[in-house]
Amino acid sequence: MMGIQKVMVIGAGQMGSGIAQVCAQAGYEVKLNDMKQEFFERGYGVISKNLTRDVEKGRKTEDEKAAILARITMSLDLQDASDVDIIIEAAVENMEVKQSIFQQLDKIAPAQAILATNTSSLPITEIAAVTNRPEQVIGMHFMNPVPVMKLVEIIRGLATSDEVYKAAEEMTVKLAKTPVEVNDFPGFISNRILLPMINEAIYALYEGVASKEAIDDVMKLGMNHPMGPLTLADFIGLDTCLSIMEILHEGLGDSKYRPCPLLRKYVAAGWLGKKSGRGFYVYE
Ligand code: CAA
Ligand code: NAD
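The rules behind the values
Residues numbered from 1 in each chain as written. Chains lettered and ligands numbered in written order. Predicted model: local features only at pLDDT ≥ 70, side-chain atom pairs only at ≥ 80, totals over all residues. Heavy atoms only, no water. Phe/Tyr/Trp six-rings, centres within 6.5 Å; stacked < 30°, edge-to-face > 60°. Helix = DSSP H or I, 4+ residues; strand = E, 2+ residues; numbered from the N terminus. Buried < 20%, exposed > 50% of the residue type's maximum accessible area, 1.4 Å probe, protein only. Lys NZ or Arg CZ within 6 Å of the ring centre and 35° of its normal. Axes fitted to C-alpha atoms, helices over the stretch in contact; angles between N-to-C directions. Parallel < 35°, antiparallel > 145°, perpendicular 65-115°, else oblique. Left-handed = near helix turned anticlockwise from the far one by under 90°. Contact = heavy atoms within 4.5 Å. Nonpolar A, V, L, I, M, F, W, Y, C, P; charged D, E, K, R; others polar. Patch = residues over 30% accessible without salt bridge, like charges linked within 9 Å, V, L, I, M, F, W, Y side chains within 5 Å. Areas by Shrake-Rupley, 256 points an atom, 1.4 Å probe, with all protein chains shown as cover. Salt bridge = Lys/Arg side-chain N within 4 Å of Asp/Glu carboxyl O. 1 Å grid on protein atoms, 1.4 Å probe; cavity = no way out; pocket = protein on both sides within 12 Å on 5 of 7 lines; lining within 4 Å. Points joined across faces, edges and corners; volume = space filled by probe spheres on them.

As for the packing of aromatic side chains
Scanning the model with the defined rule gives four aromatic pairs in all. For the pair Tyr203 and Tyr206, a centre-to-centre distance of 6.0 Å together with 75° between the ring planes defines the contact as edge-to-face. Placement of both Tyr203 and Tyr206 in helix α7 (residues 190-206) is noted, with a separation of three residues, approximately one turn of the helix. The interplanar angle of 35° and the centroid separation of 5.0 Å between the aromatic rings of Tyr266 and Phe280 together place this pair among those described as tilted. On the criterion of sequence distance, the pair formed by Tyr266 in helix α11 (residues 261-268) and Phe280 in the segment after α11 is long-range, its members being 14 residues apart. Residues Tyr266 and Phe280 agree in their burial class; the two are buried. Every member of this aromatic cluster is reached through a ring pair, and the members are Tyr266, Trp271 and Phe280. The positively charged end of Arg156 is found above the aromatic ring belonging to Tyr165, 4.5 Å away from the centroid. Against the face of Tyr281 rests Lys212, its NZ or CZ located 5.6 Å from the ring centre.

Spelled out as structure tokens, the structure:
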């Protein structure tokens, strides 16, 4: 496997912008792709703000900040994948969208390139199946906020080769993160365990066990979680939480994973959490 130097990140949202930032910090050339220039600019703006904070806190110099930003270029066309070594896809959590992107990338990307996805829960094997290189498709699941969180779950699809696994693991270490190896089952490790807890917290609210603040306080102060589960749900995005619960429910076939009706109602209302200004809480 050729060494990885050039990276393309697809989706400049919460996750894609963070992934682009940590790749550029580690010295990779990064093409950050989204559908519209304004979406790229929003993500690039967040990266720039994070780096400014690092400069203010004395963790980086102005020159380092400028060099990191200079390694990130805008892409509005998947054809830009024609000369990269790895693509990390972080578009929306939707199987049709991801399969369409992977089908196109399979035709555009160099034969040896790795096609990685940051999906929270969609089966890697099913995404890989639409390509002619399933052995080069892998899950690289970063945690939110990417610049802060140390973990990357690396998920092997059914056909993923050992060589590709090793390349993803080495890249993760270069990004100053800790890789954990997981097989491809619904929700992997992280969301198989985290999302049922969040869903249960929503049920507790729905059933009137306590107020949202009380539920969050119990988990924060009683279990030392940095955020309560309802605050964390807003932070992740309620649409993403719902789609993960649906995948657990469908993929594992057990009613204990049924999404709480209140979660469905909020998503239907467009209350998607922090990113839309309102979820369980209201944000400016
Ligand atoms: N981007 C970059 N840096 C950020 C950030 C962001 N979005 N949010 C916070 N930070 C940095 C801050 O700059 C700060 O650093 P310094 O003070 O050293 O400059 C540091 O993180 C701590 O931030 P704060 O003091 O503002 O707040 P905090 O102590 O509450 O920490 C937090 C913020 C790290 C987000 C913490 O609340 C936390 O760990 N929350 C839980 C996060 C979590 O569980 N993530 C996983 C979600 S699940 C997932 O990602 C998988 C999935 O598929 C859904
Ligand atoms: P987001 O809504 O913040 O960003 C998604 C971005 O993808 C948007 O900017 C959108 O314009 C862009 N996009 C959509 N379709 C595209 C396409 N066809 N080509 C290029 N760009 C496209 O979402 P997010 O929270 O960053 O989530 C992205 C992915 O990461 C999802 O698969 C999600 O499940 C996963 N993930 C999310 C979290 C989290 O906590 N939010 C954590 C880990 C993984």
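So, the packing of helix α2 (residues 37-56) against helix α3 (residues 62-70)
Relative to each other, α2 and α3 sit at 160°, their axes nearing to 9 Å. Relative to α3, α2 is oriented roughly antiparallel. The two elements α2 and α3 meet at a crossing, and its hand is right-handed. Residues Tyr44, Ile47, Ser48, Leu51, Thr52 and Val55 of α2 lie in contact with α3, whose contacting residues are Glu62, Lys65, Ile68 and Leu69. Taken together, the residues that form the contact of α2 with α3 break down as six nonpolar, two polar and two charged.

Some thoughts on a nonpolar patch on the surface
Residues Val180, Ile189 and Ile193 make up a contiguous nonpolar surface patch of about 250 Å² in total accessible area. For Ile193, the location among the structural elements is in helix α7. With relative accessibility at 59%, the residue Ile193 sits in the exposed group.

Concerning the layout of surface pockets
Taken as a whole, the second largest pocket holds about 350 Å³ of empty space. Breaking the lining of the second largest pocket down by element, the ones donating at least two residues are α4 (95-108) and α10 (238-252).

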